[in-house]
Amino acid sequence: METVKISNKIKNSGLRREENLFGYLFVLPAVIGILLFIAYPLFVSFIGMFLDWSKYDNSVFQAQWNNFENFKQVFGSAFGKYFWQSLYNTVFIMIGIPIGLVLSLVFAMLLNREMKGVYIYRVLFYLPVVSSLVAVCIMWQKLLAPDGVLNSLLGFFGIKGPAWLVEEATAKWSIIFLTVWKGLGSSILLYLAGLQGISKSYYEAAEVDGSGAFNTFIKITVPLLYPTTFYLVVTGVIGGMQCYVEPQLLYGSSRLDTKTVVGYIFGKFGDDYLGEASVISWFLAIIIFTITAIQFIYNGRREKR
Amino acid sequence: MKKRTLFSVFLTFVMFVTASISLFACSCGGSNKIVLKDPSEDENKSIKISLNCEGDVRASYEILIEEFNAVYDANVTASFTSDSDVYWQQLDSAISAKNAPDVFYCDPSSVRQFANKNGALPLDTYLQYEIDILDGKVSVNNDYPHIDYHDILSESIKYYTYNRETCTLGDGTIYAIPKDASGYAMGYNKNVINKAVLMGRWPENLLFPWQYTDSEGGVYDDYASAKASGKTVSQVCYTWQQFVSACQACQFTEASTGTKYYGTGLLDEWAMHSWIWTAGGDYISADGTTMTIKDEKFVQGLQEFVDLHLKYDACQPYEDSLSSSHYDKWKNGQVAFFSVGNWDIGAYDAIDSSILDYDVMPTPKKDADSEWYTYRGTLGFAVNKLTQSPTLATRLALWLSASGEVSNERIRYSSDSDLTDGIAKGAYNWLTKIKKVQLPNKTADLNTYLADDTLRPTNKQVYADIVLGSNGKVYPSARTYNDEWWEIFYGSIGKIWAGENAEPEMTVREYVEYINDSCQEALTKSIRAEQKDSKR
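About the criteria used
- Residues numbered from 1 in each chain as written.
- Chains lettered and ligands numbered in written order.
- Predicted model: local features only at pLDDT ≥ 70, side-chain atom pairs only at ≥ 80, totals over all residues.
- Heavy atoms only, no water.
- Helix = DSSP H or I, 4+ residues; strand = E, 2+ residues; numbered from the N terminus.
- Buried < 20%, exposed > 50% of the residue type's maximum accessible area, 1.4 Å probe, protein only.
- Contact = heavy atoms within 4.5 Å.
- Areas by Shrake-Rupley, 256 points an atom, 1.4 Å probe, with all protein chains shown as cover.
- Lys, Arg positive; Asp, Glu negative; His and termini not counted.
- Charge placed at Lys NZ, Arg CZ, Asp CG, Glu CD.
- 1 Å grid on protein atoms, 1.4 Å probe; cavity = no way out; pocket = protein on both sides within 12 Å on 5 of 7 lines; lining within 4 Å.
- Points joined across faces, edges and corners; volume = space filled by probe spheres on them.
- Domains from an automatic or database assignment.
- Buried area = accessible area lost by both parts, 1.4 Å probe.
- Salt bridge = Lys/Arg side-chain N within 4 Å of Asp/Glu carboxyl O.
- Polar contact = N/O pair within 3.5 Å; in protein donor to acceptor, adjacent residues only side chain to side chain.
- Nonpolar A, V, L, I, M, F, W, Y, C, P; charged D, E, K, R; others polar.
- Arc of directions from axis to C-beta.
- Pairing = 2+ DSSP bridges.
- pLDDT = per-residue confidence, 0-100.

(A) Seen up close, the overall build of chain A. Scanning chain A from terminus to terminus reveals 15 helices and 2 strands. Judged by the C-alpha coordinates and their principal axes, chain A covers about 80 × 65 × 35 Å. For chain A, with 305 residues in total, the buried portion stands at 39%. When contacts within chain A are restricted to residue pairs at least 6 apart in sequence, those whose partners lie at least 24 apart make up 67%. Approximately 17,700 Å² of chain A is accessible, and the part contributed by carbon and sulfur atoms is 70%. Seen as two clouds, the 24 positive and the 19 negative side-chain charges of chain A have centres 6 Å apart.

Below, the structure is given as structure tokens:
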């Protein structure tokens with residue numbers, strides 16, 4: 001009884017109020033930042049979906065209400081098909097995510113072994129991550145040119161390589177090659193950390209039980225690396241859906257067969273159709289949110305099991 | 001009562017004074033002599049300009065701005081951006097945030113947007129003020145030089161004149177001063193053609209690009225002899241068929257060196273229009289409301305351009321250009337015919353003539369009865385509507401566009417320079433004569449330039465024909481309010497091209513049928529947007 005009284009006294013004392021005040025003051029900059037740079041833009045772009053809105057308007061509230069016209073323009077007009085194409089292009093390029101995961105796991109396993117010069121290999125694999133994306137794109141343009149290194153190699157085996165960057169069938173694959181190569185280093189690094197966190201006792205026990213290398217990999221390594229894989233998949237999907245720079249640098253903004261959703265939003269912004277840009281942005285955000293939510297739900301259920 | 005009388009006296013006095021002042025002002029007007037304080041003296045002398053250029057163009061503008069600062073007692077700060085995409089994005093953001101520099105670039109497409117969205121200042125008043133000073137209608141107490149915008153090519157001014165009520169370009173208020181007028185002529189490298197002649201590949205009866213003809217059938221071997229004849233002569237202009245023959249003759253591998261030479265190398269984004277226009281086609285109707293790409297003439301022109309690349313073995317394949325661009329191969333002396341923009345003359349002049357011995361000719365025309373057409377470009381200098389220094393900013397735009405030599409004791413060039421202190425060289429000298437990066441903007445300067453045989457190319461008249469309007473047409477999207485229709489048209493044009501291993505997905509006819517409705521919808525939408533914005 002006495003303890004409760006003392007506690008209430010402390011709760012209502014000037015000292016506690018002062019402490020609370022300082023607490024609120026400390027979080028205030030972050031709250032203001034969130035309100036200004038996240039909540040307000042979200043609100044404005046949401047309203048903007050229903051407005052005939054120009055970037056030259058002094059305020060979004062000056063714009064005229066145009067009901068669902070922006071939705072019609074994006075999804076239903078004669079050139080709505082170019083939006084769906086940009087979405088298809090974006091999803092297609094995301095094929096690079098599983099490819100990158102498999103490759104980075106394989107390389108991480110190799111680099112996790114004790115061998116001579118392993119640190120040099122690790123640095124080499126990480127180099128693309130720290131390289132300038134512009135320089136990387138120019139290099140890949142040269143590599144994938146008709147008389148570039150890749151086609152010269154193919155020619156060595158008697159295969160006539162395609163014009164990778166020109167033909168529609170290979171243009172998106174060129175972006176996938178680039179993104180996988182560029183992102184491999186950081187995935188390898190995370191998998192390496194994950195691998196080194198797995199206790200050796202699991203492997204010793206498996207060896208005692210007569211488990212083969214492949215079985216050990218499937219039954220021990222892969223499940224214990226799941227948190228890393230989960231993280232890489234989630235960040236990969238979020239990043240992949242927002243892919244923009246690589247196609248832009250490789251092909252410029254004009255080609256529709258390599259234009260991604262973010263590139264399409266950028267084009268709408270450039271043409272001053274801000275309402276349409278808002279519709280696509282929200283559509284993209286909902287897709288990313290849904291996929292991420294499904295991943296988290298699946299992960300939650302898996303952990304419960 | 002007393003108060004009322006006093007009030008009446010006061011009112012009469014006020015009316016008397018007002019009438020006297022008015023009459024005095026009228027009499028001054030009659031003698032054409034108003035002494036005014038130049039508004040630029042009250043304005044903030046520190047203004048900002050944003051430019052998108054590099055290399056020799058940037059160097060020229062840096063000096064021109066220094067000259068302007070000295071001549072007009074100003075303090076202009078310039079910011080330069082070399083990446084065009086970045087420049088326009090930043091400018092767009094700055095205008096919408098009402099934080100744009102005092103002077104900035106605009107083009108025939110953006111000037112309509114800037115005018116409608118209150119980004120660009122209507123310049124008529126300020127331009128007229130300069131003329132009034134020149135005409136002596138206004139006297140000012142300073143020695144600043146003044147430029148009459150009527151001296152600038154009217155063919156360029158029209159792209160920056162816009163009527164917001166009718167949404168018409170080429171009529172109404174002036175929103176920008178032309179920064180330049182430019183164009184693509186068809187360049188040729190004599191060295192490659194001579195090699196083809198020596199190898200016996202050059203077709204019989206096909207005139208050389210450097211030859212001239214007169215109406216009586218006379219043929220002259222060069223510009224000098226044509227000029228000396230005193231007759232009305234015109235340079236050789238190939239038909240499509242002749243151009244293909246010439247290009248095929250020049251596409252070979254030199255046995256002794258193994259060097260591959262190409263007939264031509266053209267980028268569709270800039271060159272295909274020539275083929276379309278000369279065939280009588282166009283992208284949109286004259287009134288700018290309807291897509292005309294399904295027209296048979298359009299299809300014929302574009303198909304011929306595609307065939308030039310895919311069918312005739314006369315051209316560096318597009319996919320080859322990704323490893324070494326047409327431009328690089330041209331500068332390396334491996335291409336016989338190439339689109340030569342006048343802004344590149346300085347760069348080409350710097351190349352040894354044993355590699356690139358070039359001159360220019362008109363772009364090919366469909367047949368003997370057709371007219372040739374090519375791309376004509378222009379950029380302008382707009383003044384920010386919110387500028388605190390509209391008179392000075394307008395003068396800066398005029399200075400960078402059309403200034404000539406001006407004596408001013410404040411001009412001091414660096415000690416290692418061979419330029420004369422006390423004389424500002426001005427835009428024509430820097431940009432056209434010294435750095436060779438653009439054509440003159442003033443009519444008189446253009447005539448001087450054309451008559452100057454020391455400046456290359458020899459046949460400068462081709463550029464005059466382009467910029468004076470008869471043979472030059474602006475970029476297709478420059479005719480419309482925004483370029484969404486063009487992004488759609490050009491964005492999928494890969495379907496009519498093919499790599500070495502693949503057939504084109506569509507013929508030109510199939511492509512225009514496939515793309516027309518989308519382009520039309522985007523065009524209609526842009527017209528609606530312009531009409532809406534013009535009422536702001």
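(B) Up close: empty space enclosed by the protein. Enumeration according to the criterion identifies 6 cavities of 30 Å³ or more in this entry. Counted as a void, the largest cavity has a volume near 100 Å³. Along the walls of the largest cavity sit F79, Y82, L256, K259, Y264, G267, K268 and D271 of chain A together with E484, E487 and I488 of chain B, which together make up its complete lining. Listing elements by their share of the lining of the largest cavity, those giving two or more residues are helix 14 (261-270) of chain A together with helix 19 (484-491) of chain B.

(C) Focus on the domain arrangement of chain B. Residues and elements named next belong to chain B. Parsing chain B into structural domains produces domain 1 (39-181 + 379-467) and domain 2 (185-376 + 477-533). For domain 1 and domain 2, the distance between their C-alpha centres works out to 31 Å. With 28 residues of domain 1 at the interface, the matching set in domain 2 holds 31 residues. In total, about 2,500 Å² of surface goes out of reach between domain 1 and domain 2, with carbon and sulfur atoms giving 48% of it. Sorting the residues of domain 1 by area buried against domain 2 places R456, Y463 and I466 first, and these three jointly supply 25% of that buried surface. The salt bridge involving D453 is made with K227; its shortest N-O contact spans 3.4 Å. Along the contact surface separating domain 1 from domain 2 lie 17 residue pairs in polar contact (both at pLDDT 80 or more). For the side of domain 1 that touches domain 2, the secondary-structure elements that each account for two or more residues are helix 5 (110-116), helix 7 (154-157) and helix 18 (461-467). A total of 5 residues in the side of domain 1 that touches domain 2 trace back to one element, the largest contributor, which is helix 18. Tallied by class, residues from the side of domain 1 that touches domain 2 come to 12 nonpolar, 7 polar and 9 charged.

(D) Here's a closer look at the interface of chain A and chain B. Taken together, the contacts link 36 residues of chain A with 40 residues of chain B. Buried surface at the junction of chain A and chain B, summed over both partners, amounts to about 3,100 Å²; 46% is from carbon and sulfur atoms. The largest share of the area that chain A buries against chain B comes from Y56, D271 and Y273 of chain A, three residues that together contribute 22% of it. Between K268 of chain A and E484 of chain B there is a salt bridge, with the nearest N and O atoms lying 2.5 Å from each other. The tally of links between chain A and chain B comes to 9 residue pairs in polar contact (both at pLDDT 80 or more). When contributions to the side of chain A that touches chain B are tallied by element, the ones reaching two or more residues are helix 4 (80-93) and helix 14 of chain A. Looking at the side of chain A that touches chain B residue by residue, the classes come out as 13 nonpolar, 7 polar and 16 charged.

(E) The arrangement of helix 7 (residues 133-143) of chain A in detail. Residues and elements named next belong to chain A. Residues of helix 7 that are buried: V136, C137 and W140. Down the axis, helix 7 shows its buried residues gathered within 100° of arc, on one side only. Check the buried side of helix 7 and you find it contacts helix 9 (168-196) and helix 13 (245-251). Sitting at the head of helix 7, S132 places a side-chain oxygen 3.2 Å from the backbone nitrogen of V134.

(F) The domain arrangement of chain A, seen in detail. All names here are of chain A. Each assigned domain of chain A is listed here: domain 1 (2-71) and domain 2 (85-304). Every contact between the two is made by 12 residues of domain 1 and, on the other side, 9 residues of domain 2. In total, domain 1 and domain 2 occlude about 940 Å² of area from one another, counting both sides; carbon and sulfur atoms represent 67% of this. Between the two partners, domain 1 and domain 2, sit 0 salt bridges. Here domain 1 and domain 2 share 5 residue pairs in polar contact (both at pLDDT 80 or more) between them. Mapped by element, the contributors of at least two residues to the side of domain 1 that touches domain 2 are helix 2 (14-48) and helix 3 (69-76).

(G) Broad picture of the sheet that holds strand 8 (residues 173-174) of chain B. Residues and elements named next belong to chain B. Ordered by their spatial adjacency, 3 strands build an open sheet running 7-6-8, and the pairing between neighbours is antiparallel. Each edge of the sheet is formed by a strand with only one pairing partner; in this case those strands are strand 7 (168-169) and strand 8. Relative to strand 8, strand 6 (residues 161-163) runs antiparallel, the two being bridged by 2 bridges. In the strand pairing of strand 8, Y162 is matched with T173.

(H) Fine view of the pattern of salt bridges. A full pass over the atoms with the stated rule returns 31 salt bridges over all chains. One salt bridge connects K117 of chain B with D533 of chain B, and the closest N-O pair in it is separated by 3.2 Å. In this pair, K117 of chain B is assigned in the loop between helix 5 and helix 6 (124-134) and D533 of chain B in helix 20 (residues 508-533), connecting sequence segments 416 residues apart. Residue K117 of chain B is classed as buried on the basis of its relative accessible area, which comes to 5%. Where salt bridges share partners, they join D52 and D272 of chain A together with K117, K532 and D533 of chain B into one cluster.

(I) Broad picture of unusual backbone geometry. All names here are of chain B. With an omega of 0°, the peptide bond between R456 and P457 qualifies as cis. Considering the arrangement of structural elements, one finds P457 in the loop between helix 17 (443-451) and helix 18. Positive phi, normally seen in glycine, also occurs at K98, with a value near 55°. Secondary-structure assignment places K98 in the loop between helix 4 (84-96) and strand 4 (103-106).

(J) Up close: the confidence of the model for chain A. Predicted confidence across chain A gives a mean pLDDT of 89, with 96% of residues reaching 70 or more. Of all secondary-structure elements in chain A, the lowest mean pLDDT belongs to helix 1 (residues 2-12) of chain A, at 60, while helix 5 (residues 96-111) of chain A reaches the highest, 95.

(K) Focus on the pairing of strand 15 (residues 335-341) of chain B. Residues and elements named next belong to chain B. Extensive coverage of strand 15 is indicated by the burial of 7 of its 7 residues. Pairing analysis gives 5 bridges linking strand 9 (residues 176-189) to strand 15, with the strands arranged antiparallel. When the bridges of strand 15 are listed, A185 appears paired with V340. Bridge count between strand 14 (residues 260-264) and strand 15: 2 bridges; the pairing is parallel. Paired with Y262 across the strands is V335, a residue of strand 15.

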